[in-house]
Each structure stands twice: as structure tokens, then as C-alpha cells.
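# Coordinate analysis (summary)
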Amino acid sequence: MLHNFRAVSLSHKKAPLDIRELIALDEGSCRQFLQTLKNFIQATDILVLSTCNRTEVYYTSDADYSHEIVKLLGISKGIQNISQYLDYFTIVNEHKDAVQHLFNVAMGLDAQVVGDMQISNQVKQAYQWSVDNEAAGPFLHRLLHTIFFTNKRVVQETSFRDGAASTSYAALELVESLTADIANPKILVVGLGEIGADVCRHLQDSDFTNVKISNRTQAKAQILADECGLQVLPFEDLVEGMKEADVIISSIARDEPFFTKEMVSRLNVLSYKFFIDLSVPRSVEPEVEQIPGVLVYNIDTIQSKASEALQRRLDAVPHVKQIISESIAGFEDWSKEMNVSPTIQKLKNALESIRQEEMARYMKKLSAEEAKHMDEITKSMMQKIIKLPVLQLKAACKRGEAETLIDVLTDLFDLEKQHAENHG
């Protein structure tokens, strides 16, 4: 019964961004979709995970519901013919593979930026939604807690989460170090290329509260500002905004530098002003740095910082995989033990009912004090009798031989009959 954990995955590995955007679910939709799955498929331990890089459903069931899940996803997203996108999905029907897949995702091994820190929090959130919707059983509880424990080990024992391994995150770390001594620094993001937009998303999750964004097409800036809770600076007020800003992050796409030495020198810089240029070709003229108090950082500086961090993470991958293997081995032992726990319970019940019957025969002849002693002695005897079969069962589990022992015990103690009588 326990070896049927499955996964349905749509991720950056097979699906381009426009397909992922089409199928992505926000928090409300994830919660709603969990409820839909509970109503429409015979499954337990349901987990729905949706991030910018993946939308995945994990579930435990004897039947393969992958096509139904994809269809239900299409209905919930209002996509008429979702089967046209079926090739973008990965179906994982092997229990072991699905467990391994969730571990790899949660640790950031499968992330676009290896070791991405956000993913472990997103998995925690997804688990919380399962718990809230009563879609998590003992198996999922144990699996996710094993994953969280593994994540702690990865953080403590490896350099897998060290440093900023994405360019946009490295840019944010640079802003943090440049403004460490400035109270409530003013940040201005100009131009919204892909990296610029990513930096805005990172700024949304940071401690910076004074962030403005500006773009030639104001509507584009407004959409991103609404998404990230930032302010829009009209493009015609750019010079005013630059005068106020401590840090100017530029990801303007054009052939010639936008920020020239002549333009920046007119700002009359009184204290430090930092330019972070994320554009290729460069949008900040190198000569800008000749202006007193102005410092320029370009994409090479940031990317070399990001690639150093990425290399450290890649070097740590074998260690991370080893930690995951250890965790999965321990989890599998527990899963196997779960298979024998009903038999252990039946055995305990069978012995308890024999004890109760025998006690009942003598109770009338005993004083309260004697009855109490007899209860204690018989309980202690029962625990000693049951201890060895339980240990043998658990050992047989690890060897994968529990089935035979379960059959022997069931016949020896007539456990099926006993169970039926107790529940009859």
C-alpha cells in the first residue's frame, strides 16, 4: 500500500517560459486545486507545488491519475485543450523515483540556479497548504519532515547554499553591501530587461523599502511595480529621481550607453552614488567613474561573483547527493516499518484480549490490592513476550523479508480472526 507515491511535473527542464506561465498557479489557485484533486481522484498525501520554474503535483495512489491531473489543471486554468501540452509534462510513476524527485527539487538540485534558496521555502508553503486542506497523511508528514531535516544538514555541512549564484541575486547582494552604512537607502531601477525585472522581484523580498522603477514604456513598469509592490517613477522625471537615488541599477537595452559622463556630472553628486550596470552592451559609460563620488559596477563584476558561488555549489553536489541518499534510506526503513505496524498492533491486541479474559476469570477472588499487582505482572509479561517478535519484524523489514514473517505470525496467533472479533 505504501509504495505508490507518484509525481506529475512541468518544469524549466522541458517547458519554455511561455508554457510555464500558462500553467502556473498562485497561492489561491494552489489551494483550490488541492481541493479539486481531493474531490476528483482517489489519492492521499497530495502536494501541489507551483513556482516560476515548475508546477508539480505529488500524490499517493494505487492508480495512475497523471492524465486526469493534467486535464483538471487545464480546466482550473481555463485551457481548452491542455493535451496539446502533454509532452512538456514529466510523469513519475515509480515510488522511489517520485521520492527522489521531490528531494532533488526541495534541495535545489533541479533548480535553474543550482542550490536556489527560495525553493525550500516554497516546498514548506506547499506542505502547509496540504496540511490546511487535510490532504497530508502520515506518509507525506514523515517525508516532508525528513526533507526539512535534510535541508538543515545541507546548509550546515556543505557550501551548497553559499553565495549568490544567480546574476540578479548577486546584484542584490552587491546593493546590500554598498548600502550597509546608509539608513533607508534610495534605489532606482531603470529599464526592465530580464535581469532588471528579476532584481525587482528580489528587492520585493528584501529589507529595502525605498525602491522606484522607471521605464520608457510606463505600462510595463506599472505591471512589474504592481507585482512587486514598488513605486513607479515617470521616465520624464528620471533626472530628479537620479539626484535622489543612492543606487541606480540599469538594465536598459540599447546600443549606445544611456548614462554618459556629461549627463551624470550635471547631477552635482554630493555624497556617494553607485551605478550597477546589468546591460549588455553597457548602458553606463565607463568614463562616468571619473566623476568624484561615483562608482560603477558592471555585469562582469557581478557575474564573476555569481559564477564563483555557482562553482562552489557545483563542487558541493556530490556531498548533497550523499546526504539525500542517507535520508532516503532512513525514510525507506520507516516506510517499511509502517507496513508491519498493523500486524504489530493486531499481535498486541490478540495478546491483550487473552490477558483480559484470564484476568476476568480470577478478579472476583482477588482483593483490590492483589488485582492491581496481577494487572501489573501480566502487563509486564505481555510486553516481554511481544518484544522479540516486534524486533524480528522490524529487522525483517530492513531485509525486505517482512511479508513471510507477517504471514507466520498471522497464522500462529490467528490474527485475522482475532482482528475481526475485536472489530465485529
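Residues numbered from 1 in each chain as written. Predicted model: local features only at pLDDT ≥ 70, side-chain atom pairs only at ≥ 80, totals over all residues. Heavy atoms only, no water.

### Some words on the overall build of the chain
Looking only at helices and strands, the chain has 15 helices and ten strands in total. For 424 residues, the compact-globule estimate of 2.2 N^0.38 gives 22 Å, and the chain exceeds it by more than 25% at 30 Å. Here the C-alpha coordinates of the chain stretch approximately 105 × 50 × 40 Å along the principal axes. Taking all 424 residues of the chain together, the buried fraction comes to 47%. Excluding contacts between residues fewer than 6 apart, the proportion of contacts in the chain whose partners are at least 24 apart in sequence is 72%. Total accessible area on the chain stands at roughly 22,300 Å², and carbon and sulfur atoms take up 51% of it. (Helix = DSSP H or I, 4+ residues; strand = E, 2+ residues; numbered from the N terminus. Rg over C-alpha atoms; globule rule 2.2 N^0.38 Å. Buried < 20%, exposed > 50% of the residue type's maximum accessible area, 1.4 Å probe, protein only. Contact = heavy atoms within 4.5 Å. Areas by Shrake-Rupley, 256 points an atom, 1.4 Å probe, with all protein chains shown as cover.)

### Comments concerning the sheet that holds strand β5 (residues 187–190)
Taken in spatial order, the six strands make up an open sheet running β7-β6-β5-β8-β9-β10, and their pairing is parallel. Edge strands, defined here as strands with exactly one partner in the open sheet, are β7 (231–232) and β10 (294–298). Strand direction decides the pairing type here: β5 and strand β6 (residues 211–214), joined by four bridges, are parallel. Residue pairing across strands places L188 opposite K212, the latter belonging to β6. Packing of helix α12 (residues 299–363) onto the sheet brings it into contact with β9 (273–277) and β10, and relative to β10 it is tilted by some 55 degrees. (Pairing = 2+ DSSP bridges. Axes fitted to C-alpha atoms, helices over the stretch in contact; angles between N-to-C directions.)

### Considerations on the packing of helix α2 (residues 27–40) against helix α5 (residues 118–132)
Viewed as axis vectors pointing N to C, α2 and α5 meet at an angle of 45 degrees, and their least axial separation amounts to 10 Å. Here α2 lies oblique to α5, going by the angle between them. Between α2 and α5 lies a crossing of right-handed hand. Contact with α2, carried on its side by E27, C30, R31 and L34, involves W129, S130 and D132 of α5 and no other residues of that element. Split by residue class, the contact of α2 with α5 holds three nonpolar, one polar and three charged. (Parallel < 35°, antiparallel > 145°, perpendicular 65-115°, else oblique. Left-handed = near helix turned anticlockwise from the far one by under 90°. Nonpolar A, V, L, I, M, F, W, Y, C, P; charged D, E, K, R; others polar.)

### Here we look at the pattern of salt bridges
Inspection of the entire model under this criterion finds 15 salt bridges. The partner of E27 in a salt bridge is R31, and the shortest N-O contact between them spans 3.2 Å. One end of the pair is E27 and the other is R31, both in helix α2 and four residues apart, which spans about a single turn. Across the pair R201 and E227 runs a salt bridge whose closest N-O atoms are separated by 2.8 Å. (Salt bridge = Lys/Arg side-chain N within 4 Å of Asp/Glu carboxyl O.)

### Brief notes about the layout of surface pockets
Size it by volume and the second largest pocket reaches roughly 300 Å³. Around the second largest pocket sit 20 residues that line it, and G191, G193, S251, I252 and A253 are the ones nearest its centre. With three residues, the top contributor of residues to the lining of the second largest pocket is helix α8 (residues 194–204). When grouped by side-chain class, the residues that make up the lining of the second largest pocket number nine nonpolar, seven polar and four charged. (1 Å grid on protein atoms, 1.4 Å probe; cavity = no way out; pocket = protein on both sides within 12 Å on 5 of 7 lines; lining within 4 Å. Points joined across faces, edges and corners; volume = space filled by probe spheres on them.)

### A closer look at empty space enclosed by the protein
One simple way to see leftover space: roll a probe sized like a water molecule over the atoms. Taken as a whole, this structure holds two cavities of 30 Å³ or more when the rule is applied. What the largest cavity holds in volume is close to 60 Å³. Looking at the largest cavity, the residues that line it are K186, I187, L188, N210, K212, G241, E244 and A245. Sorting the residues of the lining of the largest cavity by element identifies β5 and α10 (238–244) as the ones contributing at least two each. Its residues placed into classes, the lining of the largest cavity shows three nonpolar, two polar and three charged.

### Concerning helix α6 (residues 138–157)
Between the first and last C-alpha of α6 there are 28 Å, a value that for 20 residues agrees with the 28 Å anticipated at 1.5 Å per step. Listed as buried for α6 are F139, L140, L143, L144, T146, I147, F148, T150, N151, R153 and V154. Contact partners of the buried residues in α6: β1 (5–11), β2 (44–50), β3 (54–60), α4 (95–107), α5 and α12. (Expected span 1.5 Å × (residues − 1).)

### What to know about the nonpolar core
Residues F5, V99, L102, L143, L144, I147 and F160 are the most contacted members of the largest nonpolar core, which totals 36 residues. At the level of elements, β1, β2, α4, α5, α6 and α12 are the ones that each hand at least two residues to this core. With eight residues, the top contributor of residues to this core is α12. Filtering out sequence-adjacent residues up to four positions away, L143 remains in contact with F5, V99, L102, F103 and F331. Of all hydrophobic cores here, the second largest spans 30 residues; its members include L178, C200, I213 and L230. (Core = buried A, V, L, I, M, F, W, Y, C linked by side-chain atoms within 4.5 Å.)

### A few points about the confidence of the model for the chain
Of all residues in the chain, 97% have pLDDT values of 70 or greater, and the mean over the chain is 87. Predicted confidence in the chain is weakest over helix α15 (residues 415–423), with a mean pLDDT of 63, and strongest over strand β4 (residues 89–92), with 96. (pLDDT = per-residue confidence, 0-100.)

### Observations concerning the pairing of β9
Among the five residues of β9, five are classified as buried, and the element is accordingly described as predominantly covered. Pairing analysis gives four bridges linking strand β8 (residues 247–250) to β9, with the strands arranged parallel. Paired with I248 across the bridge in β9 is F275. As paired elements, β9 and β10 share five bridges and run parallel to each other. Looking at β10, one finds that K273 is bridged to V294.

### Quick word on unusual backbone geometry
At E134, a residue that is not glycine, the phi angle is positive and equals roughly 55 degrees. Tracing the chain through its elements places E134 in the loop between α5 and α6. The exposed category is assigned to E134, whose relative accessible area is 65%. At N184, a position not held by glycine, the phi torsion is positive, near 45 degrees.

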